[in-house]
Amino acid sequence: MNPLKEYKHILIFLTLVNVLKSNAQHNSAPSGKVSVEIVNAFPRMSFTRPVDLQHAGDNSNRIFVVEQSGQIVVFENDATASAKKIFLDIRNKVDDGGNEEGLLGLAFHPNYKTNGYFYVNYTASAPNRTVISRFKVSSDANRSDPSSELVILEFRQPYSNHNGGQVAFGPDKYLYIATGDGGSGGDPQGNGQDKSSLLGKILRIDVDHESGGKRYAIPADNPFAGSREFREEIYAYGLRNPWRFSFDPHTKKLWTGDVGQNAYEEIDIIEKGGNYGWNTMEGKHCFDPSSGCKTAGLLLPVTEYGRGEGVSVTGGFVYRGSTVVGLKGKYVYADYGSGNIWALDASNVNNPDETKIASSNLHISSFGVDQHNELYMCSSDGKIYRFRDSH
């Protein structure tokens, strides 16, 4: 499928959704199981295409918001905050010409408080590629040094869409990287199942050591460590466009939303060496071939939904905060196109209890948590939202 055609279909869907929801309110909660409201977390501020929200892990009570054009802004985590500072500006390096390109992810090193290192994921041009880079904070805690860039890893992108984009440190202190299948439609290059390609994968690297002429090392327990045939960076594969993953701080499980092709969106728990089926399968269903596909060895999603509920999943977090009682222990995620938001009981993933907690008119691009594990949502309207109990 031509990516422009794919965008056209999504835009048509969004237009229909917006017409139907023109009178909808942000705090719509159709289910009685979980009763929450959605409120503007920082009503005095707005952002330009926010796609990620992080905290530095340094107990400074600051919020960092990634803007897709190539900036990261920082501000105090205070509902009355009205001023933000530019923490990083690499707009001169970032190619955000496509709908899914740009500065897409931010991760602070586990020892950021002492070493000042943070990592970003962005797309660049000439040639079109994904760049994973390390930067360092300057003497001003609210500003980094843009000249400190150290490129850790680069790989080519054949099309403009399906770039994944997230970077995050796991409980093991290794850096995890989400990559899409390379784009277009239907994975024409077969990258999802190609273990010699970095595309369509979750990667895992050790950025604290170097090996083999690279600015990182391969963790010894990576599933293909030591292989001469497959890329050693691969942690899991068979993904189409894993848009936002997160680690549950209690169980250490790695959750991701994987954007579907034209029928199903899915939520997966990522296991080391796991094959999540794309492009043999879309969700729990055969894709290529459309029937009778070989499913042996493929890991099925925890849950899926069809086009009646949305067009592009945004992965979220298992809520481990303390202020929204109804969400405790539940994995919260959304659909960018429809504005639907769900909470999935994470205590039994083999028999998940799922609740739609809101039918909003937001286009949610990402979730994030602060240093207290409270949950936030980035929206394409330039606002950051949070939940609160409605009773």
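Residues numbered from 1 in each chain as written. Predicted model: local features only at pLDDT ≥ 70, side-chain atom pairs only at ≥ 80, totals over all residues. Heavy atoms only, no water.

**Q** What exactly am I supposed to notice about the pairing of strand E4 (residues 71-76) here?
**A** The two faces of the sheet receive side chains in turn, since in a regular strand these alternate between them. Within E4, five of the six residues are buried, which leaves the element mostly enclosed by the surrounding structure. Note that strand E3 (residues 62-67) and E4 share six bridges and pair antiparallel. Across the sheet, residue Val-65 finds its bridge partner in E4, namely Val-73. Here E3 folds back onto E4, and the loop between the two strands holds three residues, one of which, Gly-70, carries a positive phi near 130 degrees. Here four bridges tie E4 to strand E5 (residues 85-89), and the two strands are oriented antiparallel to one another. For Gln-71, the partnering residue across the bridge sits in E5 and is Asp-89. (Buried < 20%, exposed > 50% of the residue type's maximum accessible area, 1.4 Å probe, protein only. Helix = DSSP H or I, 4+ residues; strand = E, 2+ residues; numbered from the N terminus. Pairing = 2+ DSSP bridges.)

**Q** It is not clear to me how the environment of Thr-323 should be interpreted in this structure. Could you clarify?
**A** Here Thr-323 lies in the loop between strand E20 (313-318) and strand E21 (330-335). Taking the C-alpha atoms as reference points, Thr-323 and Phe-387, separated by 64 residues in sequence, lie 8.8 Å from one another. Each residue touching Thr-323, except ones within four places of it in the same chain, is listed here: Glu-374 and Asp-389. Of note is the side chain of Thr-323, whose polar atom sits 2.7 Å from the side chain of Glu-374. (Contact = heavy atoms within 4.5 Å. Polar contact = N/O pair within 3.5 Å; in protein donor to acceptor, adjacent residues only side chain to side chain.)

**Q** Teacher, can you tell me more about the packing of aromatic side chains here?
**A** Scanning the entire structure with this criterion turns up 21 aromatic pairs. A ring pair is formed by Phe-87 and Phe-118, whose centres lie 5.0 Å apart and whose planes are at 45 degrees; its orientation type is tilted. Taken together, the residues Phe-87 in strand E5 and Phe-118 in strand E7 (residues 117-124) connect sequence positions 31 residues apart. Phe-118 carries the same exposure label as Phe-87, and that label is buried. Relative to Tyr-331, the ring of Trp-255 lies with its centre 4.4 Å away and its plane at 15 degrees, an arrangement referred to as stacked. Taken together, the residues Trp-255 in strand E15 (residues 254-258) and Tyr-331 in strand E21 connect sequence positions 76 residues apart. On the basis of relative accessibility, which here comes to 1%, the residue Trp-255 falls in the buried class. Of the residues examined, Tyr-331 reaches a relative accessible area of 0% and is grouped as buried. Directly above the aromatic system of Phe-47 lies the positively charged group of Lys-84, at a separation of 5.3 Å from the ring centroid. (Phe/Tyr/Trp six-rings, centres within 6.5 Å; stacked < 30°, edge-to-face > 60°. Lys NZ or Arg CZ within 6 Å of the ring centre and 35° of its normal.)

**Q** Just checking my understanding: could you explain the confidence of the model for the protein for this structure?
**A** Caution is warranted with low-pLDDT regions, since their predicted coordinates should not be read in detail. Averaged over the protein, the pLDDT score is 92; the fraction of residues at 70 or greater is 92%. The model gives residues 1-32 a pLDDT under 50, and that stretch makes 55 contacts with residues more than four places away or in other chains. (pLDDT = per-residue confidence, 0-100.)

**Q** Can you help me understand the side chain of Glu-265 in this one?
**A** You can see Glu-265 is positioned in strand E16 (residues 264-270). By relative accessible area, Glu-265 is classed as buried at 0%. A distance of 3.1 Å separates a polar atom in the side chain of Glu-265 from the backbone nitrogen of Gly-260. Those residues within four positions of Glu-265 in sequence are excluded, and the remaining contacts are Asp-258, Val-259, Gly-260, Thr-303, Glu-304, Tyr-305, Arg-307, Val-311, Ser-312, Val-313 and Asp-335.

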